[in-house]
Amino acid sequence: MLEVGIFKHFEGFTLDVAFRTEAALTALLGPSGSGKSLTLRAIAGALRPDRGRIVIDGHLVFDTDRGIDLPPQARRVGYVPQHYALFPHLTVVENVGFGLKDRRCPEARRRIAALLELTGLTGLERRRPRELSGGQQQRVALARALIVQPRILLLDEPFAALDATIRASVRASLLELQRVLGFQALLVTHDPVDAALAGQVFVLERGRLVREPSSG
Amino acid sequence: MSRPWSERFADTRHAGAVPGRTVQPARLARRALPSPGSALLLVGAGLLALLILAPVAAIFGRVLPSGLLLTTLGRPIVVEALRLTALTTLLTLLVALVLGTPTAWLLARWRFPGRVLLDSLIELPMVLPPAVAGIGLLMAFGRRGLFGPALEALGINLSFTTAAVVLAQVFVAVPFYVRSARSGFLAVDRELEIVAHTLGVSRWATFWRVTVPVALPSLLGGATMCWARALGEFGATIMFAGSFQGRTQTMPLAIYAALESDLEAALVLAAILVAVSFVVLLVLRQAVGRLSGVADA
């Protein structure tokens, strides 16, 4: 469950978005500059709305009326930015294990190995991000976000940076991963094909929701 | 749904796998050099190289064959200058890291009133003549300077002490570090830090585990430039700190002082400075080249 109601005024732009979703995969669809990424950042806690309320999976993380504003560290969200933002100085294993308290303890090693296996990254443990293909980089970003078992996974244009020829298979893989691990996800996209994957779609234009198609 | 993940992502390896395409044009361009115009270019470059090489060669020409290095290295003026220079430049470097790093971070990441002014102020010493720095430091921290009476009341006398040497070096050299560190921090993608925060890593830990490693080439480059600038500091030091052997006489000052009385010592000190500077440049190129190779993924 995700409940978002946020308002933030910028110079020449106002973000005013409110929606509520129970779908496992929800899409925010809109052209660039419509405020999709800002909404994602606000949910992640990297952008502070002027007023509003955000409830993730039953946990109130932001509420201006009650003076609640949990820092990103306490929100338990997985964030996958458009260009993945992998740590360039760290290997695949170090990237994936970044959010774990002790990456070297047996339990952590087991979890990292399992997630690498699940995302098809086994064998690439010692590689650095620049030695990976776009698809591989995306999977590292997914694994890195999922390892801390977030209450919601936030995906910013997850397929836009990928080669068109592999986009379909990567979309299918995301759904498969979600089926296996059972996490809730919100994806932001300008591509209606991506949005078609979602159980619920919200359309964003110039900082506002314009319509709310029923679940598909 | 039964195929493994790795196969379903039918992605190919990186574009780097076709090296011939990108390398070829560059190689052709290099071969095309010996035309009449480019001969002129070579002459120009050769002249400039000669101009820089001549003084360096002249120093080593006097120092190396004569075995001066061994006979002179033990003289008090040389030993004291080496010790004092090592001490003061390392202290300056420490000040740069401790005060300069947060300042650079502030300038790179925070929007506050007067930021542009502070930015320009910190870079001012880079374009200021050292003599101006010297007189400015005297007028501020000298015995009859702005803070002179206050410092004296506290029992502190700065001018003509080793502390004054460090102060002069900090004034002229630290801006080099701050400038480089600031652009290093600016170049760190904010998304990296946001991701680290969402993974539960504190801001402090994120700074050390993400921001500093990613900005490391700029930090190292800035630190080296700062140290090298402190090493060569002359004008501000001689005006504000004077030239007292063992107390304020760093290597450049000792070279100047020995020029008439002990040319051999001056030559040896000069040779050491040239060698150190050259090694610094080489190491810097290697280190920054390798590190930025990692960082610009």
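Residues numbered from 1 in each chain as written. Chains lettered and ligands numbered in written order. Predicted model: local features only at pLDDT ≥ 70, side-chain atom pairs only at ≥ 80, totals over all residues.

Peer 1: Is there a simple way to explain the overall build of chain A in this structure?
Peer 2: If you tally the helices and strands in chain A, you get 7 helices and 11 strands. Against the compact-globule benchmark of 17 Å for 216 residues, chain A has a radius of gyration of 17 Å, which places it among compact chains. By its C-alpha atoms, chain A is 45 × 40 × 30 Å across when sized along the principal axes. Residue burial in chain A is summarised as follows: out of 216 residues, 47% are buried. Considering only residue pairs separated by 6 or more positions, chain A has 70% of its internal contacts joining residues 24 or more positions apart. (Helix = DSSP H or I, 4+ residues; strand = E, 2+ residues; numbered from the N terminus. Rg over C-alpha atoms; globule rule 2.2 N^0.38 Å. Buried ≥ 20, exposed ≤ 12 C-beta atoms within 10 Å, placed from the backbone. Contact = placed C-beta atoms within 7 Å.)

Peer 1: Mind showing me how you'd approach the overall build of chain B here?
Peer 2: The helix and strand tally for chain B stands at 14 helices and 0 strands. For chain B, the α and β elements follow one another from N to C terminus as α-α-α-α-α-α-α-α-α-α-α-α-α-α. Scored against the burial criterion, the 297 residues of chain B give a buried share of 34%. In chain B, the share of contacts with a sequence separation of at least 24, taken over all contacts with a separation of at least 6, comes to 76%.

Peer 1: Is there a simple way to think about the packing of helix α5 (residues 76-109) of chain B against helix α13 (residues 251-261) of chain B in this case?
Peer 2: Two quantities define a packed helix pair, namely the angle between the axes and the distance from one axis to the other. All names here are of chain B. In the contact formed by α5 and α13, the axes pass within 8 Å of each other and the chain directions differ by 155°. Considered as vectors, α5 and α13 are oriented roughly antiparallel to each other. Between α5 and α13, the residues in contact are I77, A81, L82 and T85 and M251, A254 and A258, respectively. Residue classes in the contact of α5 with α13 are distributed as 6 nonpolar, 1 polar and no charged. (Axes fitted to C-alpha atoms, helices over the stretch in contact; angles between N-to-C directions. Parallel < 35°, antiparallel > 145°, perpendicular 65-115°, else oblique. Nonpolar A, V, L, I, M, F, W, Y, C, P; charged D, E, K, R; others polar.)

Peer 1: So what exactly am I meant to see when it comes to the pairing of strand β7 (residues 77-80) of chain A here?
Peer 2: The side chains of a regular strand alternate between both faces of the sheet. Residues and elements named next belong to chain A. Neither face of β7 is exposed, since V77 and Y79 on one face and G78 and V80 on the opposite face are all buried. Across 4 bridges, β7 lies against strand β8 (residues 152-156) in parallel orientation. Note on β8: the bridge partner recorded for Y79 is L154. (Pairing = 2+ DSSP bridges.)

Peer 1: Which parts of the structure should I look at to understand the domain arrangement of chain A?
Peer 2: Size of an interface, as often reported, equals the accessible area lost when the parts are brought together. Residue and element names in this part refer to chain A. According to the domain assignment, chain A consists of domain 1 (1-76 + 150-216) and domain 2 (88-148). On a C-alpha basis, the centres of domain 1 and domain 2 stand 24 Å from each other. Taken together, the contacts link 12 residues of domain 1 with 9 residues of domain 2. Ranked by residues supplied to the side of domain 1 that touches domain 2, first place goes to helix α6 (residues 164-181) with 5 residues. Here the residues of the side of domain 1 that touches domain 2 are counted per class, giving 11 nonpolar, no polar and 1 charged. (Domains from an automatic or database assignment.)

Peer 1: I would appreciate a short explanation of helix α11 (residues 203-232) of chain B in the present structure.
Peer 2: Owing to its 3.6 residues per turn, the α-helix brings residues three or four apart onto one side. For α11 of chain B, which comprises 30 residues, the first-to-last C-alpha distance of 37 Å sits more than 12% below the rise-based estimate of 44 Å (1.5 Å per residue). By the largest-angle criterion, L216 of chain B marks the main kink of α11 of chain B, which is about 65°, and a proline, P217 of chain B, follows within four residues. (Expected span 1.5 Å × (residues − 1). Bend = angle between axes of the 7 residues up to and from the residue.)

Peer 1: For this particular structure, what's the right way to read the packing of helix α5 (residues 134-146) of chain A against α6 of chain A?
Peer 2: Residue and element names in this part refer to chain A. In contact at an axis separation of 12 Å, α5 and α6 are set at 20° when each is read in the N-to-C sense. Regarding the angle of α5 to α6, the classification is roughly parallel. Handedness of the α5/α6 crossing: right-handed. When α5 is examined against α6, the residues G135, Q138, L142 and L146 are found in contact with a partner set consisting of I166, V170, L177 and L181. (Left-handed = near helix turned anticlockwise from the far one by under 90°.)

Peer 1: What is the right way to read the nonpolar core from this model?
Peer 2: Here is a general trend for soluble globular proteins: nonpolar side chains tend to be buried in one another's company. L154 of chain A together with A168, C226 and L269 of chain B are the most contacted members of the largest nonpolar core, which totals 123 residues. With 15 residues, the top contributor of residues to this core is helix α9 (residues 162-186) of chain B. Per-domain counts for this core show at least three residues from each of domain 1 (1-76 + 150-216) and domain 2 (88-148) of chain A. Residues within four places of A168 of chain B in sequence aside, it is in contact with A133, G134, L137, E233, A236, T237, F240 and A241 of chain B. (Core = buried A, V, L, I, M, F, W, Y, C linked by C-beta atoms within 7 Å.)

Peer 1: I'm lost on unusual backbone geometry in this one. Help?
Peer 2: Excluding glycine, a negative phi dihedral is what most residues carry, and trans is how most peptide bonds are arranged. All names here are of chain A. Of note in the backbone geometry, D57 takes a positive phi value of approximately 55° without being a glycine. Here D57 lies in the loop between β4 (51-56) and β5 (59-63). For D57, a count of 14 C-beta atoms within 10 Å translates into the label partly exposed. Here the phi dihedral of R76 falls at roughly 55°; this positive angle occurs in a residue that is not glycine. Overall, the presence of 19 C-beta atoms within 10 Å leaves R76 in the partly exposed class.

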